[in-house]
Amino acid sequence: IPSHPDKLTFKPIVYEPPKAGDYRVVLKNGMVVFIAEDNTLPLVNIALTVRSGKYLEPAGKEGLADLTGALLRRGGTKNLSAEELDEKLDLLAAQVSTGIGDTSGSATLNCLADNLDEALALFVEMLREPRFQDDRLRLSKEQTLQEMKKRNDDSADIESREWNVLLYGEDHFTNRFATEASIASIGRDDLLAFHRRAFHPANMVAAVSGAFPREEMIRKLEAAFASWPFERPPVPAVPSEIAPLTPGLYCIEKDVNQGRVSIGLPTVQREHPDAFALTVMNEILGGSGFTSRIMKTVRSDEGLAYSAFSSLALGVEYPGRFQAAFQSKSRSGAYAAQLVLEEVRKIRETPVSPAELDTIKKSLIETFPSNFESKARAMAAFAWDEYTKRDAAYWSTYRDRIRAVSVEDVQRAARAHLLPEKLRMLVVGNQKEIDLGDGKHEASLATLAGGKVTVLPLRDPMTMKGPQ
């Protein structure tokens, strides 16, 4: 036994990720399926990704995607009322969920292997011929309206919503908010039309894992979807354009004890040559928890926030985003923001240390196998790659591309993409208290933002418009 933990040695991790091609099957109806046997438990898991999304909502029908996704599961089928479908699934101990997000739809089935035939038949019937039962639709609309009233209750919700507007623009489809009027205008026929446009086998990718013989499962899937017509017009691509608001400071008044601050800008898509260098840079700056610079400075050294971090989301269909954020007492908000901006400046102007770089690269490489820790997770990764058309070599080259990131690469990526003149800062909180500062440091948000200050009024929760 070594005398000190620092003297512990470990054998290098030898791991090769599974290859998507070994699990990929194309059914006769055009559906792509990734399928893997897993006899760990007597269960079967089927997860479908559907080429649909909020971006397909007609103008004036905002909220239609959410309602369609929810009512697929809760609204019954052509042959079964919503109550009958609930009862049958409960008797089979089958868990079914559906939803539609910004750029994709989803449907999952988890059931006992012994109940697969009946559960799969119900699952396909639900997806193919939803009833969208009137009383369930009315209930969902009422619940949606009640949730709308809470939109301005939580400062975190306000920050998340308005941050997306700053980075992508008021007219981006992710910022087309459901309103009282748009929800009221949605009827059952709208749900049927939205469903019909996208839900057909050739427009789906499936991830399937569980206790079954592979060839037998393929036959079951072929039979289950065989009679579903699949010749439909292609679904339009997700829009790639964004229109970010002008860089500067944006303030929203909210009477809370702690202010929320986000600093960042739109960034690159995942195919960009700097994607791996930016990933490593973000981990060093604020993405790696207690080992990151922002967390050490803002929390550990100064005690100004419980959580301070940065995140990097590389874009798929449209540009991604970089965000450094924290929540702090109102009086210390400006000083904490100054510290975060100082860390951004340092990583741009000064090379990171070889030790920092080595720690982060080892972390990313040694946690890599967790992406495939179960057959279900591996199949889901492959299905998402298929859906988003990711480079087939991504997983096989990931670790080598992380290893190849140098000190110079990190600084070059930071200088190229963390541009101070393009940063947006959003502050949600008690603006008077924030402006007073902590009395110990000469920090001012307006000064940090170069004097470019915009006051954003809270939107009316039912219309999502500002005061007239």
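In what follows, the accompanying structure is described. Source: prediction; values computed, not measured.

Things to note about the environment of Thr463
Working step 1: By the element assignment, Thr463 lies in the segment after β12 (453–455).
Working step 2: For Thr463, a relative accessible area of 39% gives the class partly exposed.
Working step 3: Sequence-wise, Thr463 and Arg176 are 287 residues apart; in three dimensions their C-alpha atoms are separated by 11 Å.

Re the pattern of salt bridges
Working step 1: Taken as a whole and assessed by the stated rule, the structure comprises 27 salt bridges.
Working step 2: Here Glu129 makes a salt bridge to Lys78, at a shortest N to O gap of 3.9 Å. Here Glu129 is found in the loop between α3 (116–128) and α4 (134–148), whereas its partner Lys78 is found in the loop between α1 (64–74) and α2 (82–91), with 51 residues between them in sequence.
Working step 3: Between Glu170 and Arg459 there is a salt bridge, and its shortest N-O distance comes to 2.9 Å. With Glu170 in the loop between α5 (155–168) and α6 (180–185) and Arg459 in the segment after β12, this residue pair connects regions lying 289 residues apart in the sequence.
Working step 4: Overall, the relative accessible area of 40% leaves Glu170 in the partly exposed class.

A short note on the pairing of strand β7 (residues 248–253)
Working step 1: Of all 6 residues in β7, 5 are buried; the element is thus mostly enclosed.
Working step 2: Where β7 meets strand β11 (residues 424–429), 6 bridges bridge the pair, whose relative direction is parallel. Each bridged residue has a counterpart across the sheet, and for Cys251 the counterpart in β11 is Val427.
Working step 3: Looking at chain direction, β7 and β12 are connected through 3 bridges and run parallel.

Describing the nonpolar core
Working step 1: Grouped together as the largest cluster of nonpolar side chains are 70 residues, with contacts concentrated most on Ile46, Leu48, Phe123, Phe199, Val208 and Leu221.
Working step 2: Sorting elements by how many residues they give to this core places α3 first, with 8 residues.
Working step 3: Leu221 has contacts with Leu27, Val33, Ile46, Leu120 and Val208, leaving out every residue within four places of it along the chain.
Working step 4: Membership of the second largest hydrophobic core comes to 66 residues, among which are Val261, Leu339, Phe368 and Leu445.

Considering α2
Working step 1: Of all the residues in α2, the buried ones are Ala82, Leu85, Asp86 and Leu89. Down the axis, α2 shows its buried residues gathered within 100 degrees of arc, on one side only.
Working step 2: For α2, the secondary structure elements touched by its buried residues are α1, β4 (95–100), α3 and α4.
Working step 3: Following α2 by one or two positions, Ala93 has its phi on the positive side, about 55 degrees.

What to know about the packing of aromatic side chains
Working step 1: The final tally for this structure, using the stated rule, is 17 aromatic pairs.
Working step 2: Ring centres of Tyr394 and Trp395 lie 4.8 Å apart, and the angle between their planes is 80 degrees; on these two criteria the pair is classed as edge-to-face.
Working step 3: Overall, Tyr394 belongs to the buried group, its relative accessible area being 18%.
Working step 4: The ring of Tyr306 is capped by Arg299, whose NZ or CZ atom sits 4.6 Å from the centre of that ring.
Working step 5: When the ring centre of Tyr394 is taken as reference, the NZ or CZ atom of Arg390 above it lies at 3.9 Å.

Some words on the environment of His417
Working step 1: Counting through the fold element by element, His417 comes out in helix α15 (residues 407–417).
Working step 2: For the pair His417 and Leu278, spaced 139 residues apart in sequence, the C-alpha separation works out to 8.4 Å.
Working step 3: In this view, His417 contacts Leu265, Val268, His272, Asp274 and Leu278; residues no more than four positions away in its chain are not counted.
Working step 4: Reaching out from His417, the side chain makes a polar contact with the side chain of Asp274 at a distance of 2.8 Å.

Regarding the packing of helix α10 (residues 293–301) against helix α11 (residues 333–349)
Working step 1: Two elements in contact, α10 and α11, have axes whose closest approach is 10 Å; the angle formed by their N-to-C orientations is 150 degrees. Our classification of the angle between α10 and α11 gives roughly antiparallel. Pair α10 / α11 crosses with right-handed handedness. Where α10 abuts α11, its residues Arg293, Ile294, Thr297 and Val298 lie against Ala336, Leu339, Val340, Glu343, Lys346 and Ile347.
Working step 2: Tallied by class, the residues present in the contact of α10 with α11 amount to 6 nonpolar, 1 polar and 3 charged.

What about the sheet that holds β4?
Working step 1: Taken in spatial order, the 6 strands of this open sheet run β1-β2-β6-β3-β5-β4, and their pairing is mixed. With partners counted over all chains shown, the strands left at the sheet margins are β1 (24–26) and β4, one partner each. Averaged over all neighbouring strand pairs, the angle between strand axes comes to 15 degrees, with direction disregarded.
Working step 2: By the bridge criterion, 7 bridges tie strand β3 (residues 43–50) to strand β6 (residues 204–210) in an arrangement that is antiparallel. Note on β6: the bridge partner recorded for Leu48 is Ala206.
Working step 3: Where helix α13 (residues 375–388) meets the sheet, its contacts fall on β1, β2 (32–37), β3 and β6, and the angle it forms with β6 comes to roughly 170 degrees.

Definitions and limits used
Residues numbered from 1 in each chain as written. Predicted model: local features only at pLDDT ≥ 70, side-chain atom pairs only at ≥ 80, totals over all residues. Heavy atoms only, no water. Helix = DSSP H or I, 4+ residues; strand = E, 2+ residues; numbered from the N terminus. Buried < 20%, exposed > 50% of the residue type's maximum accessible area, 1.4 Å probe, protein only. Salt bridge = Lys/Arg side-chain N within 4 Å of Asp/Glu carboxyl O. Pairing = 2+ DSSP bridges. Core = buried A, V, L, I, M, F, W, Y, C linked by side-chain atoms within 4.5 Å. Contact = heavy atoms within 4.5 Å. Arc of directions from axis to C-beta. Phe/Tyr/Trp six-rings, centres within 6.5 Å; stacked < 30°, edge-to-face > 60°. Lys NZ or Arg CZ within 6 Å of the ring centre and 35° of its normal. Polar contact = N/O pair within 3.5 Å; in protein donor to acceptor, adjacent residues only side chain to side chain. Axes fitted to C-alpha atoms, helices over the stretch in contact; angles between N-to-C directions. Parallel < 35°, antiparallel > 145°, perpendicular 65-115°, else oblique. Left-handed = near helix turned anticlockwise from the far one by under 90°. Nonpolar A, V, L, I, M, F, W, Y, C, P; charged D, E, K, R; others polar.

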